[in-house]
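An overview of the molecular structure
Chain residues, written in single-letter form:
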Amino acid sequence: MSAPNHLTDIASLSDEDFHHILSRSLAFRRIMDEGASPRPTLQHRLQFNLFYENSTRTNLSFEVAAKRLGAIVSVVPVAASSVHKGESKVDTVLTLCAQGADYLVLRATEPGTINEAIAAINADGYGTSVINAGEGALGHPTQGLLDVGTALLALGRTPKDSLEGVTLTICGDIAHSRVAASAIEAFRRLGTNIRLAGPPSLLPDAAPDGVASLHNDMDEAVTGADLIMALRVQRERMADNESLSGDEFHTRYGINATRLAKAKPNAFVMHPGPMNRGVEIDGSLADDLSRSLIRSQVTQGVALRMAVLEWLEERKT
Ligand code: CP
């Protein structure tokens, strides 16, 4: 299900909306970098952030983005809420709608939660816009969009220029990663050549649409790449027999300066965070701002979420 006044996934965005959101996110990034203030286009709007999974970047960047646009924001304290008295997700969502939610930023573990929330909102006739802030291993659309925006900025391109001729290697725990799912959707729309790399148990059996190749050999996978995206090893989503020790994972599949040297000379590393330093990425490489886009991804997260909120607001009025 996709409704026009929600952001459920990247596939539901028209090309025009996809390009518009990316372009506006780069414009908001310039405003932020200049220390200027954006127009308060969300003044008097009320946003609830309802996160059933832990989050630092997404939760706080949606809060900052909405506040910068003038909205009132309430972050639902899930751990101290009536969820722990057995209240269902739908009842919690409808409670927030009844309190006047214009925007509901929702993160959930169970696939289907986003569409379930939208169905309940529609059934009760509320105008609340739902934004998917990460849903199980299904998708994390704003992460995919912010990753593309960060790459465009680093490579000196605009959404119109596309990412044709750019090779992105996504590494590590692909199987459990909603970030990988959304990154593939987002980067392929701009023509990126995408490779996936990692241990056999953490890769799909076949290359998904839009992916050029699968690799178990990391050195081969990063050779000639322009962008290398390391993903967090998600031990919380793994069966016990899938786990490698951190050291073993790093030696065989981790990104470090030696491995990066096989990529293009000015290649960048990315990571959506939170990082396991010394596992999927070497800590000193992550901190090397001449090669690492990790901080830029976080900054772009605020800009992108401002663009998404502005885009949804334009559709309300
Ligand atoms: N990248 C990301 O979604 O981070 P958080 O889980 O901290 O929001």
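Right above here is the structure, for reference.
This text gives an overview of the structure that appears in the document.

Conventions adopted
- Residues numbered from 1 in each chain as written.
- Predicted model: local features only at pLDDT ≥ 70, side-chain atom pairs only at ≥ 80, totals over all residues.
- Heavy atoms only, no water.
- Pairing = 2+ DSSP bridges.
- Helix = DSSP H or I, 4+ residues; strand = E, 2+ residues; numbered from the N terminus.
- Axes fitted to C-alpha atoms, helices over the stretch in contact; angles between N-to-C directions.
- Near = heavy atom within 4 Å.
- Polar contact = N/O pair within 3.5 Å; in protein donor to acceptor, adjacent residues only side chain to side chain.
- Areas by Shrake-Rupley, 256 points an atom, 1.4 Å probe, with all protein chains shown as cover.
- 1 Å grid on protein atoms, 1.4 Å probe; cavity = no way out; pocket = protein on both sides within 12 Å on 5 of 7 lines; lining within 4 Å.
- Sits in = over half its atoms within 2 Å of the grid points.
- Nonpolar A, V, L, I, M, F, W, Y, C, P; charged D, E, K, R; others polar.
- Domains from an automatic or database assignment.
- Buried < 20%, exposed > 50% of the residue type's maximum accessible area, 1.4 Å probe, protein only.
- Core = buried A, V, L, I, M, F, W, Y, C linked by side-chain atoms within 4.5 Å.
- Contact = heavy atoms within 4.5 Å.
- Right-handed = clockwise from strand over helix to strand, strands pointing away.
- Points joined across faces, edges and corners; volume = space filled by probe spheres on them.

Once that is clear, we can look at the sheet that holds strand β1 (residues 46–51). Strand pairing in a sheet relies on backbone hydrogen bonds. The paired strands run either parallel or antiparallel. Ordered in space as β2-β1-β3-β4, the four strands form an open sheet in which the pairing is parallel. Unpaired on one side and paired on the other, β2 (72–75) and β4 (129–135) mark the two borders of the sheet. Strand-to-strand twist of the sheet, defined as the mean angle between neighbouring strand axes without regard to direction, takes the value 15°. Pairing between β1 and strand β3 (residues 103–108): five bridges, direction parallel. Counted as the bridge partner of Phe48 is Leu104 from β3.

Further remarks concern the site of the ligand. Lining the immediate surroundings of the ligand are Asn54, Ser55, Thr56, Arg57, Thr58, Arg107, His140, Gln143, Pro272 and Gly273. Between the ligand and Gln143, the relevant distance is 3.0 Å, taken from a nitrogen atom to a side-chain nitrogen or oxygen of the residue. Take Pro272: an N or O atom from its main chain is 3.0 Å from a nitrogen atom of the ligand. Calculation on the ligand without its partners gives an accessible area of 260 Å², and the protein chains cover 92% of this total. Under a 2 Å grid-point criterion requiring more than half of the atoms, the pocket assigned to the ligand is the largest pocket. Along the lines of polarity and charge, the residues of the shell around the ligand split into one nonpolar, seven polar and two charged. Both of domain 1 (15–140 + 298–316) and domain 2 (142–294) provide at least three residues apiece to the shell around the ligand.

Once that is clear, we can look at the side chain of Thr192. Looking at the secondary structure, you find Thr192 in the loop between α6 (178–189) and β6 (193–197). Residue classification places Thr192 among the buried positions, given a relative accessible area of 6%. In terms of polar contacts, Thr192 uses its side chain to reach the backbone carbonyl oxygen of Phe187, at 2.8 Å.

Take the nonpolar core next. Across soluble globular proteins, you tend to see nonpolar side chains buried next to one another. If you look at the biggest cluster of nonpolar residues, it comprises 57 residues, and the most contacted ones within it are Ile131, Ile170, Phe187, Leu227 and Met229. Top element by residues in this core is helix α11 (residues 294–316). It accounts for nine residues. Built from parts of two domains, this core gets at least three residues from each of domain 1 (15–140 + 298–316) and domain 2 (142–294). In contact with Ile170, other than residues within four places in its own chain, are Ala180, Ala183, Ile184, Ile194, Arg195, Leu196, Ala197, Met229 and Leu231. Listed in part, the 22 residues of the second largest apolar core include Val222, Ala225, Ile281 and Leu285.

Below, the discussion takes up the pairing of β6. With four of five residues buried, β6 is to be regarded as a mostly interior element. Across five bridges, strand β5 (residues 167–171) lies against β6 in parallel orientation. When the bridges of β6 are listed, Ile170 appears paired with Leu196. Crossover β5 to β6 through α6 is right-handed. Both β6 and strand β7 (residues 213–215) contribute to a ladder of three bridges, which runs parallel. Counted as the bridge partner of Leu196 is Leu214 from β7.

On to the layout of surface pockets. Space inside the largest pocket adds up to approximately 440 Å³. Forming the walls of the largest pocket are 21 residues, and the residues nearest its centre are Arg107, Arg178, Arg232, Gly273 and Pro274. Broken down by secondary-structure element, the contributors of at least two residues to the lining of the largest pocket are α2 (57–68) and α6. When the residues that make up the lining of the largest pocket are grouped by side-chain class, the tally is four nonpolar, ten polar and seven charged. Both domains that meet at the lining of the largest pocket, namely domain 1 (15–140 + 298–316) and domain 2 (142–294), each give it at least three residues. Roughly 250 Å³ of internal volume is contained in the second largest pocket. Elements with a contribution of two residues or more to the lining of the second largest pocket: α4 (113–123), β4 and α6. Broken down by element, the lining of the second largest pocket gets its largest block of residues, three residues, from α6. Its residues placed into classes, the lining of the second largest pocket shows seven nonpolar, seven polar and three charged. If you count residues domain by domain, the lining of the second largest pocket takes at least three from each of domain 1 (15–140 + 298–316) and domain 2 (142–294).

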